[in-house]
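# Descriptive structure summary
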Amino acid sequence: MDEYGIVIINKARLVAKGYNQENGIDYEETYAPIAILEAIRMLLVFASIMDFKLYQMDVKSEFLNGFIQEEVYVDQPAVFENSDMPNHVFKFKKTLHGLKQAPRAWYERLNNFF
């Protein structure tokens, strides 16, 4: 909104209800890539000894850039429901926030890139 309270840009984020997914039916395992503190310390020590430059990056849309192998379907959000086809669902080709498959798909894509 601008200073007068008028809407200038509408933004929306589609988030899947991952808590409705059932293990063994909708997904086989969960995955959360985390950095181990000792590994970070070793990296920093090695970089300082070898006089390397380290860079940090933050990816804001990481879960929107992973490709999934499974078939994932999501109901239409109530706000964006198509009145002509209310019983249709979305089939995902890429991951989405909230899906159990999203972290692994993003990590695999990033790993393949490097």
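Since we're looking at a predicted model, the values are computed, not measured. All chains use their own residue numbering, which begins from 1 and follows the written sequence. It should be noted that, the model being predicted, local features are given only for residues of pLDDT at least 70 and side-chain atom pairs only at 80 or more, the latter also being counted only at that level, while totals for whole chains, interfaces and linings use all residues. Excluded from the side-chain calculation are hydrogens and water; included are all heavy atoms of the structure.

## A look at the overall build of the chain
The helix and strand labels rest on DSSP assignments: H or I over at least four residues marks a helix, E over at least two residues marks a strand, and numbering proceeds from the N terminus. Within the chain, the secondary structure is distributed over two helices and two strands. In the chain, the order of α-helices and β-strands from amino to carboxyl end is α-β-β-α. Taking contacts inside the chain between residues at least 6 apart in sequence as the whole, the part at least 24 apart equals 65%. In the form shown here, the chain has an accessible surface area of approximately 10100 Å², with 55% of it arising from carbon and sulfur atoms. Contacts were defined at the residue level, with two residues in contact if any of their heavy atoms lie within 4.5 Å. Note on areas: these come from Shrake-Rupley sampling with a 1.4 Å probe, and a residue is covered only by the protein chains present in the view.

## Focus: the nonpolar core
For our purposes a nonpolar core is just a set of buried Ala, Val, Leu, Ile, Met, Phe, Trp, Tyr and Cys residues, chained together by side-chain atoms within 4.5 Å. Burial classes follow relative accessibility: with a 1.4 Å probe on protein chains only, a residue under 20% of its type's maximum area counts as buried, one over 50% as exposed, and anything between as partly exposed. I68, V72, V74, F92, L96, L99, A102 and A105 form the largest nonpolar core, which has eight residues in total. Looking at this core, the elements that each hand over two or more residues are strand 1 (67-75) and helix 2 (102-113). Looking at which element gives the most residues to this core, the answer is strand 1, with three residues.

## Overview of the environment of H97
Note on placement: H97 falls in the loop between strand 2 (89-94) and helix 2. Assessed through its relative accessible area of 15%, H97 is described here as buried.

## What about the packing of aromatic side chains?
Here a Phe, Tyr or Trp ring, Trp counted by its six-membered ring, pairs with any other such ring whose centre lies within 6.5 Å, and the pair is stacked when the planes are under 30 degrees apart, edge-to-face when over 60, and tilted otherwise. All told, the structure shown has two aromatic pairs when counted by the stated rule. On the numbers, 5.7 Å between centres and 70 degrees between planes, the contact of F46 with F52 is edge-to-face. Overall, the relative accessible area of 47% leaves F46 in the partly exposed class. Seen from their ring centres, F113 and F114 are 5.4 Å apart, and the 65 degrees between their planes marks the pair as edge-to-face. Neither F113 nor F114 differs from the other in exposure class; each is exposed.

## Quick notes on the environment of S48
Position of S48 relative to the elements: it lies in helix 1 (residues 37-50). With relative accessibility at 55%, the residue S48 sits in the exposed group. Identification of polar contacts relies on pairs of N or O atoms within 3.5 Å, with a donor-acceptor requirement for protein atoms, meaning one able to donate a hydrogen and the other able to accept it, and with residues adjacent in sequence counted only if both atoms are side-chain atoms. Of note is the side chain of S48, whose polar atom sits 2.8 Å from the backbone oxygen of V45.

## Some remarks on the pattern of salt bridges
Here, a salt bridge means any Lys or Arg side-chain nitrogen found within 4 Å of an Asp or Glu carboxyl oxygen. On inspection of all chains with the given rule, the structure shows one salt bridge. E71 serves as the salt-bridge partner of K91, at 3.9 Å between the closest nitrogen and oxygen. Residue K91 is located in strand 2, and its partner E71 is located in strand 1; the two are separated by 20 residues in the primary sequence. E71 gets classed as exposed once you look at its relative accessible area, which sits at 56%.

## Focus: the confidence of the model for the chain
Scored between 0 and 100, pLDDT is the confidence that the predictor attaches to each residue. Here the chain averages 78 in pLDDT, and 80% of its residues register 70 or above. At the low end of the mean pLDDT range in the chain sits strand 1, at 79; at the high end sits helix 1, at 92.

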